[in-house]
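Working through the structure, step by step
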Amino acid sequence: MTERGATVLYDVPGPRTRLRNNVLTLAFGVVLLLVAYFVWTKFDEKGQWKGELWEPFLRADTWTELILPGLLNTLTAAALAAVLALLFGAVFGIARLSDHRWVRIPAAVVVEAFRAVPVLMLIFFAQYGGSLAGLVVTEFAAVVFGLTVYNGSVLAEIVRAGILAVPRGQAEAGSAIGLRKNQVMRLILLPQAVTAMMPAIVSQLVVLLKDTALGFVVAYADLLNAGARVVPANYANLIPSVIVIAVVYIAINLALGYLATWLERRSRRSRKVSADPAAAEMAGGEVPLVR
Amino acid sequence: MEAVVDELPVILGAFWLTVKLTVVSGVISLVWGIVLAAMRVSPLPVLRGAGALYVNVLRNTPLTLIIVFCGLGLGTVMNVQFSRDDLSLNSFWLSIIGLSAYTSAFVCEVVRSGINTVPLGQAEAARAIGLTFLQTLRLVILPQAVRTVIAPLGSLLNALVKNTTVAAAIGVMEAALRMKNLFDAHGDAIIPIFLGFAAGFVVLTLPLNLLSGRLARRLAVVR
């Protein structure tokens, strides 16, 4: 990685390699263009690029009346499920670390069981199981239930790993100054664990957002439903419509992904800033801090 | 409980379909994912760009959307057919396309992270004895890279087992959709049926975790 254009796997190209690379670039470029052309003509044969199939997306009412309500439903379900899943994850992640066997074991069973069951099955179960108990379970409630318990269980494992990764001395120091167990957890371990686990938590929230699309199967009126049922029902343009909503999903998820990277960079910087003066003070600026 | 016993052949049939979906799309994703990883580390910017575009698009699109695109878009609108008379076979292969297209993007990223763990000296040594880029990758880097990422590949496979249920979106009668149909047929036995299907998934995923953990330890490259 020292010089421009070189990586671990190959040297800086010399004149002959450069020539060969240029020829190969041209060859692969042509192959990729041929693949793209093939796909394009196949769709063209079925008339998928015809203007009238795409024209609806240039009109404001398609967006305000058909697509954006779906997007709003997707975001509502994702936001509520995210909050509940974070709560679920915090509670069960901490419960799995309890000193009491009767708390630890049931929590472990719940987390492991919900992690093994597909989200779609949990959604079906919420619908049918809820009506069995005499409850009216809307599609929204079923989707939120499935997403909450599944992603909550995954988040519980993330939280548990995060807490276990905090150096032992932190908890010991907390106990030494007379904090109770729950104070040590709440004031010392959890804040550090959550900071360290932020990127993992955000990527799990991306998974959660993508999984709201499962609502399509139970006819929840989400973004995918708008793009694969509502808009095509009006304009008979399934493929253009699915492509447009895919772009919306990708844009939102990429934005969340950038948020995760930014959070990671920020937390790394702040840890460095907060650790270094303390290290210098304690060690007289000579012995490096071992973490 | 009776309902579960009575319907056992049906339930086992549904799980057999789940297993077939997992195995076929698992193999395709592994091969295609490794090819994508090779593209993403290649010296040619065209291939790197194409690989990166593929991975970023597929990873950020919901699997349900991809499966719906394959089933309704490719299947119904584009008339892509794998079997003229067997509709369920047709949707089976269309969902294989969707599952493999999606999973391979994740395999690519896992393998690429494995390539990063191979020490610099290995590639330098390979180049020093005159191996080309493809030889370096095939003979020296990838065997070590894949062995270091067996555990994450195992969790991808585990996720794939659960993701096959999404094929229900285009009517493939795998475990989840079969469970829903049994709910409709046996309204009084919802909880036993659910527990039965949940146990089925535990039975499928638990050995996978143990096996990938054991393989990862046995095949680990000692450094």
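Residues numbered from 1 in each chain as written. Chains lettered and ligands numbered in written order. Predicted model: local features only at pLDDT ≥ 70, side-chain atom pairs only at ≥ 80, totals over all residues. Heavy atoms only, no water.

1. Remarks on the confidence of the model for chain A
Residues and elements named next belong to chain A. Of all residues in chain A, 89% attain a pLDDT of 70 or more, and the chain-wide mean is 87. Overall, residues 1-6 carries pLDDT values under 50, and its contacts beyond four positions in sequence, including any with other chains, amount to seven contacts. Segment residues 272-291 is flagged for pLDDT under 50; beyond a separation of four residues in sequence, or across chains, it makes five contacts in the model. (pLDDT = per-residue confidence, 0-100. Contact = heavy atoms within 4.5 Å.)

2. Description of the nonpolar core
Within the largest apolar cluster, 102 residues are counted, with the highest numbers of intra-cluster contacts made by B:Ile193 and B:Phe197. By residue number, the principal contributor to this core is helix H5 (residues 87-117) of chain B, which donates 12 residues. Look past the residues within four positions of B:Ile193 in its chain and what remains in contact with it is B:Ala3, B:Val4, B:Met179, B:Leu182, B:Phe183 and B:His186. A:Leu223, A:Leu238, A:Val242 and A:Val244 belong to the second-largest nonpolar core, a separate cluster that totals 20 residues. (Core = buried A, V, L, I, M, F, W, Y, C linked by side-chain atoms within 4.5 Å. Buried < 20%, exposed > 50% of the residue type's maximum accessible area, 1.4 Å probe, protein only. Helix = DSSP H or I, 4+ residues; strand = E, 2+ residues; numbered from the N terminus.)

3. Observations concerning the environment of B:Val203
Checked against the element boundaries, B:Val203 lands in helix H10 (residues 190-219). Counting along the chain gives 186 residues from B:Val203 to B:Leu17, while the straight-line C-alpha distance between them is 15 Å.

4. Re the UniProt feature "transmembrane region" (unreviewed entry) in chain A
All names here are of chain A. Per the UniProt annotation, the sites labelled "transmembrane region" (unreviewed entry) are residues 21-40, 75-95, 107-128, 140-166, 187-209 and 238-263. In residues 21-40, helix accounts for 100% and strand for 0%; the two terminal C-alpha atoms are 28 Å from one another. Across residues 238-263 one finds 100% helix and 0% strand; the C-alpha atoms that close the span lie 37 Å apart. (UniProt positions renumbered as here; feature names shortened; annotations may be inferred.)

5. Observations concerning the UniProt feature "domain: ABC transmembrane type-1" (unreviewed entry) in chain A
Under the UniProt annotation, the feature "domain: ABC transmembrane type-1" (unreviewed entry) is placed at residues 71-260 of chain A. Regarding residues 71-260 of chain A, the helix share stands at 83% and the strand share at 0%, and the terminal C-alpha atoms are separated by 22 Å.

6. Focus: the UniProt feature "transmembrane region" (unreviewed entry) in chain B
Residues and elements named next belong to chain B. As recorded in UniProt, the sites labelled "transmembrane region" (unreviewed entry) are residues 21-41, 61-80, 92-112 and 189-211. Within residues 21-41, the helical portion is 95% and the strand portion 0%, while the C-alpha atoms at the span's ends are 30 Å from each other. Helix makes up 100% of residues 92-112 and strand 0%, with an end-to-end C-alpha separation of 30 Å.

7. Remarks on helix H3 (residues 60-95) of chain A
Here H3(A) contains 36 residues, and its C-alpha end-to-end distance of 50 Å stays within 8% of the 52 Å for a straight helix at 1.5 Å per residue. Its axis deflected by about 40° at A:Ile67, H3(A) carries its strongest bend there, up to four residues before the proline A:Pro69. (Expected span 1.5 Å × (residues − 1). Bend = angle between axes of the 7 residues up to and from the residue.)

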